[in-house]
Amino acid sequence: MSKVPALNKERRFPLNMTSAHELILKAKNGVKGNKTSGRYALPAFNVTTYQGIDAAVGAFETLGSSGVLAFSNSALKHFGYGDAIKGLERVHEYVKLVARDSSVKIATHLDHGDYISEGGRKVLQAAVSTLTSVMADNSTDHKNKKATSLEMNIEATREVVEMAHPLGVSVEGELGVLAGVEDEDTHSEVSTYTDPQELKVFLEKTGCLLLAPTIGTMHGPNKGKPGDVVKLNIELAHECLKIANSINEDIVFVAHGASTLYPQVVEHAMAQLKEMGAISDAANTWRDFVGTDWKQIEGLIGAGFCKINTDTENRQTYLASLLAAIKQGPAKIDIRFFEKATYEGLYKSYMQKLIMAGNYGVWHEPKIDVNSFKFEL
Ligand code: 13P
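Draft legend 1. Fine view of the nonpolar core. In this structure, Phe60, Leu69, Phe71 and Val134 are the most contacted members of the largest nonpolar core, which totals 91 residues. In contact with Phe71, not counting residues within four places along its chain, are Val47, Ile53, Leu76, Phe79, Val91, Val95, Thr108, His109, Leu110 and Asp111. The next biggest cluster of nonpolar side chains, apart from the first, holds 16 residues, and it includes Ala20, Leu25, Ala107 and Leu210.

Draft legend 2. Just the packing of aromatic side chains, in detail. According to the stated counting rule, one finds ten aromatic pairs in the structure shown. Measuring from ring centre to ring centre gives 4.8 Å for Tyr50 and Tyr94, while their planes differ by 70°; the resulting arrangement is edge-to-face. Taken together, the positions of Tyr50 in helix α2 (residues 50–63) and Tyr94 in helix α4 (residues 84–100) put the pair 44 residues apart, joining distant regions of the chain. The exposure class of Tyr50 is partly exposed, given its relative accessible area of 33%. Cluster of aromatic residues (ring-pair linked, three or more members): Tyr50, Phe71, Phe79 and Tyr94. It is Arg121 that lies over the ring of Tyr115; its NZ or CZ is 4.1 Å from the centre.

Draft legend 3. Quick look at the pairing of strand β5 (residues 106–113). Burial within β5 is extensive, with eight of its eight residues counted as buried. Strand direction decides the pairing type here: strand β4 (residues 67–72) and β5, joined by six bridges, are parallel. Counterpart to Ala70 in the pairing with β5 is His109. Regarding topology, helix α5 (residues 118–128) serves as the crossover connection from β5 to the parallel strand β6 (residues 133–136), and that connection is right-handed.

Draft legend 4. Up close: the sheet that holds β5. Taken together, eight strands build a closed barrel; the order of strands is β3-β4-β5-β6-β9-β12-β14-β15 and the barrel is parallel. The sheet shows a mean angle of 25° between the axes of neighbouring strands, direction not considered. In terms of strand pairing, strand β14 (residues 252–255) meets strand β15 (residues 305–310) through three bridges, oriented parallel. Counterpart to Val254 in the pairing with β15 is Lys307. Set on the sheet, helix α11 (residues 294–302) makes contact with β14 and β15; between it and β15 the angle comes to about 140°.

Thresholds, definitions, all that
Residues numbered from 1 in each chain as written. Predicted model: local features only at pLDDT ≥ 70, side-chain atom pairs only at ≥ 80, totals over all residues. Heavy atoms only, no water. Core = buried A, V, L, I, M, F, W, Y, C linked by side-chain atoms within 4.5 Å. Buried < 20%, exposed > 50% of the residue type's maximum accessible area, 1.4 Å probe, protein only. Contact = heavy atoms within 4.5 Å. Phe/Tyr/Trp six-rings, centres within 6.5 Å; stacked < 30°, edge-to-face > 60°. Helix = DSSP H or I, 4+ residues; strand = E, 2+ residues; numbered from the N terminus. Lys NZ or Arg CZ within 6 Å of the ring centre and 35° of its normal. Pairing = 2+ DSSP bridges. Right-handed = clockwise from strand over helix to strand, strands pointing away. Axes fitted to C-alpha atoms, helices over the stretch in contact; angles between N-to-C directions.

Written out as structure tokens, the structure is:
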């Protein structure tokens, strides 16, 4: 087998944009400005609207954070009104414009791209020439709802690395199957842990620098039974880190399903529903949501999981903020009123996770006192 191409670090992306790997490696090594401190993590925010992009970038700029904006296939379809490729072009142009005036560095990442299905291959190829980072989730054949063989996963991921690395675009692979509902195209009922022996072979043969091992996290709002504390396999995470570091210390891990969910958001939403007289099934749904325990995520960050994927909790914040705005102005004939409320909610939700992950003061000092920040809606 020929040598896999190394990530081209000379590639210059549009102003203030860079590969996700460059930013995440800084976090693994604890680099902020020209100082080195403790390890921190980059929450990769799944954005599905222009407002989401603006709110996330607003939070990065307030805190001086490194930013990853993640786009799933279905988000791209949404941006492109059904056409993911058109969606890619639009978000690329939009983020380029926003980044140009930014005080921080931003990466754009394709979340759960695949190189197995025909549609997935097309989007991935287009993403390699527009975004700064891509995920090649080839561990599951989502269309046929089954895990792929290690050989097939390696072959498909390696092809993506060969295409992306010369262009300076980092590649995230996945090994193991993650349970839960990510979006309409990406869901699985079962979950398997990553096998450390397979991890070694996968990393050596694919050359990818970002990897999502499966260690017990789940996508979606129901990560356990109400009252449960979701337990992750931190021991396995450390075993994986040892193996990865022995191959290449630049390899960084990714935790999918890292939404912790915020009790104050749930209470806020339920209070709105109650006052609107809608406290029946919807309220019970809110009550049943269970996120990943933050202490467990901190354990993962310690094991080199420096990209933590966060979607569900921000969707919740959006909805809670919208419910409050509707309750406050049920007959307000003004889109801006509702947009302002959801922007504010998202902005605060993003700031909260960036602060929890220690991702602030990377590109400049935060513009607020992070110790006294309180996430309230
Ligand atoms: P959550 O569902 O926990 O937000 O995870 C999102 C995710 O992993 C996207 O890839």
